[in-house]
Amino acid sequence: MKNQTKIWLSSPHMGGNEQHYVDEAFKTNWIAPLGPNVNLFEEAIQKYVSNEVHVAALSAGTAAIHLALEILGVQSGDEVLCQSFTFSASANPIRYLGATPIFIDSERDTWNISPKLLEEAILDRIEKGRKPKAIIAVHLYGMPYKIAEINALSKAYNIPVIEDSAEALGSSVNGINCSSFGDIGILSFNGNKIITTSGGGALVTKKNEYKNKAVFLATQARDDAPHYQHSNVGYNYRMSNVLAGIGRGQMEVLDDRVAARRANFEYYKEELGHLKEIEFLNEPSGFFSNRWLSCILTESYEKREQIRYALLEHNIESRPLWKPMHLQPIFENFPNYSDGTSDDLFKRGLCLPSGSNLTKSDLERIVHIIHKEYTS
Ligand SMILES: *Cc1c(COP(=O)(O)O)cnc(C)c1O
């Protein structure tokens, strides 16, 4: 069975013009972390997301979260509320700054940060005299979190939101694009994301001053002087002009990529939806997910593993859902507000191959194997 071609979970998918824009960088010798591709890539993201946002292209989504926290004034010893059910890159930058993550569990409708637990946590931290400095909410697997509820809490308690949209470029709520809802949004263009620059990210914000601060900090925080003078600690976080060329090409095909990923999900749902043991995550009304990864919940941990191994046997990569941060060795000693939801999702959930470059026969192969686990 191993001789069948490998099916990856989520692999890069070039559109065609990427090489051309990269060549442009070479021809003009803009092999630098600045240049026309960077500006044009930022413009393309802005055009796509919203006329109201400003965009800073950076070296990674993780770098964007780090800068967002710093721009919002998070310092050593501060507390930051963070969705527990996510990839570790959402939370690591809190530790870069010496701040303390406080993890919040998910709710069932979107698998994202629970407004109820978030409010409980805010009240409890305030009572302890430790009002949190920021909220990191995540649109996991492309499904938007409950924007209205989270923004209402942010406003009521005056705590800014960092909107981790690393997995959600192309997702929206009531026609408004993800990454434009928070005080600061972040995007990722890592190799496995819906579009990629091989590695990269962006900070997205309606406040021009935040964008300018991000660019300043990302380019070594140089003061306005003829010599190199610094009154802030800076970083080297700007995106390379070569990689931004890949990004320009990818933005041209983003809508196709979203359509292809959504079609994968629809196929899985159509072919597996009749199995009463398998659950899918549906879009609440007004929510539009880019379906970055198609996920299923099985009836048990054992069954999830059985399916994962069966796929592996046939050279097909699948992956358990993200292990919640409050269960991670590096984070388990930080406070968390949990009701068991993400523990359960982690136990029973599986991400199926979801690339926009999967073929019909790839999908048939996958579904056939899962079917067999339920019928034989
Ligand atoms: C990928 C990802 C990040 C980090 O982005 P990088 O570009 O890989 O640094 C952050 N948060 C989430 C939810 C992600 O999936």
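This text goes with the structure placed above it.
Predicted model, so just to flag it, every value in this text is computed and none were measured.

Scoring rules and cut-offs
- Just so you know, the residues in each chain are numbered from 1, in the order the chain's sequence is written.
- Since the coordinates come from a predicted model, pLDDT governs what is reported: local features require at least 70, and pairs of side-chain atoms require 80 or more to be given and counted, while whole-chain, interface and lining totals use all residues.
- With hydrogens and water excluded, all non-hydrogen atoms of the structure serve as input to the side-chain values.
- Definition of nonpolar core: a set of buried residues of the types Ala, Val, Leu, Ile, Met, Phe, Trp, Tyr and Cys, connected through side-chain atoms within 4.5 Å.
- Each residue is placed in one exposure class: buried if its accessible area under a 1.4 Å probe, protein chains only, is under 20% of its type's maximum, exposed if it is over 50%, and partly exposed if it falls in between.
- Contacts were defined at the residue level, with two residues in contact if any of their heavy atoms lie within 4.5 Å.
- Between rings of Phe, Tyr and Trp, where Trp is taken as its six-membered ring, a pair exists when centres lie within 6.5 Å; planes separated by under 30 degrees are stacked, by over 60 edge-to-face, and by other angles tilted.
- Put simply, DSSP marks the helices as runs of H or I at least four residues long and the strands as runs of E at least two long, and each gets a number from the N terminus on.
- Put simply, a charge is over a ring when the Lys NZ or the Arg CZ is close to the ring centre, within 6 Å, and near the line of the ring normal, within 35 degrees.
- One heavy atom within 4 Å of a molecule or strand makes the whole residue count as near it.
- Between N or O atoms, a polar contact is any pair within 3.5 Å; within protein, one atom must be a potential hydrogen donor and the other a potential acceptor, and residues adjacent in sequence are included only when both atoms are from side chains.
- For accessible areas, the Shrake-Rupley method is used with a probe of radius 1.4 Å. Any residue's cover is judged against the shown protein chains and nothing else.
- The term disulfide is used for any two cysteine sulfur atoms that are within 2.5 Å.
- By this definition, two strands are paired if DSSP reports at least two bridges between them.
- The salt bridge definition used is simple: a Lys or Arg side-chain nitrogen within 4 Å of an Asp or Glu carboxyl oxygen.

Draft legend 1. The nonpolar core, seen in detail. Residues Ile-45, Trp-111, Leu-118, Tyr-141, Leu-169, Phe-189 and Leu-321 are the most contacted members of the largest nonpolar core, which totals 58 residues. Excluding anything up to four places from it in sequence, Trp-111 contacts Gln-83, Phe-85, Ser-106, Tyr-141, Leu-281, Cys-295, Leu-297, Leu-321 and Leu-345.

Draft legend 2. Local environment of the packing of aromatic side chains. The tally for this structure, following the rule as stated, stands at 10 aromatic pairs. Pairing Trp-111 with Tyr-141 gives two aromatic rings, centres 6.5 Å apart and planes at 85 degrees, and the pair type is edge-to-face. Note that Trp-111 is positioned in the loop between strand S3 (100-104) and helix H5 (115-127) and Tyr-141 in the loop between strand S4 (134-138) and helix H6 (147-157), a separation of 30 residues in sequence. As far as the burial class goes, Trp-111 and Tyr-141 line up, both buried. Taken together, the ring pairs connect Phe-85, Phe-87, Trp-111, Tyr-141, Trp-292 and Trp-322 into an aromatic cluster. Over the aromatic face of Trp-8 sits the side chain of Lys-6, whose NZ or CZ is 4.6 Å from the ring centroid.

Draft legend 3. Representation of the environment of Ala-56. Tracing the sequence through the fold places Ala-56 in strand S1 (residues 54-58). Linking Ala-56 and Tyr-374, residues 318 residues apart in sequence, is a C-alpha distance of 48 Å. Among residues more than four places away in sequence, those in contact with Ala-56 are Glu-42, Gly-201, Ala-202, Leu-203, Lys-211, Ala-214, Val-215 and Arg-238.

Draft legend 4. Spotlight on the site of the ligand. Neighbouring the ligand are 15 residues; Thr-62, Asp-164, Glu-167, Ser-188 and Lys-193 lie closest to it. Between the ligand and Ser-188, the relevant distance is 2.7 Å, taken from an oxygen atom to a side-chain nitrogen or oxygen of the residue. Burial of the ligand by the protein amounts to 94% of the accessible area it has alone, namely 380 Å².

Draft legend 5. Layout of the state of the cysteines. Going through the model one piece at a time under the given rule, you end up with zero disulfides. Lacking any disulfide linkage, Cys-178 is separated from the closest cysteine sulfur, that of Cys-295, by 16 Å. This cysteine, Cys-351, is not joined by any disulfide, and Cys-295 carries the nearest cysteine sulfur, 3.9 Å off. You can call Cys-351 buried: its relative accessible area is 1%.

Draft legend 6. Seen up close, the pairing of strand S14 (residues 349-352). Of the two faces of S14, the one lined by Gly-349 and Cys-351 and the one lined by Leu-350 and Leu-352 are each fully buried. With four bridges joining them, strand S11 (residues 294-297) and S14 adopt antiparallel strand pairing. Looking across to S14, one finds that Cys-295 is bridged to Cys-351. With two bridges joining them, strand S12 (residues 319-320) and S14 adopt antiparallel strand pairing. The residue of S14 that forms the bridge with Arg-319 is Cys-351.

Draft legend 7. Layout of the pattern of salt bridges. Here the structure, examined in full by the defined rule, presents 18 salt bridges. Residue Asp-78 pairs with Lys-133 through a salt bridge whose shortest N-O separation is 3.1 Å. Taken as a pair, Asp-78 in the loop between helix H3 (61-71) and strand S2 (79-83) and Lys-133 in the loop between H5 and S4 lie far apart in primary sequence, 55 residues in all. Residue Lys-133 is classed as partly exposed on the basis of its relative accessible area of 34%. Between Glu-305 and Arg-308 there is a salt bridge, and its shortest N-O distance comes to 2.8 Å. You can see Glu-305 and its partner Arg-308 sitting in helix H10 (residues 301-313), three residues apart, about one turn around the helix.

Remember, this is a structural readout, not a statement about activity or role.
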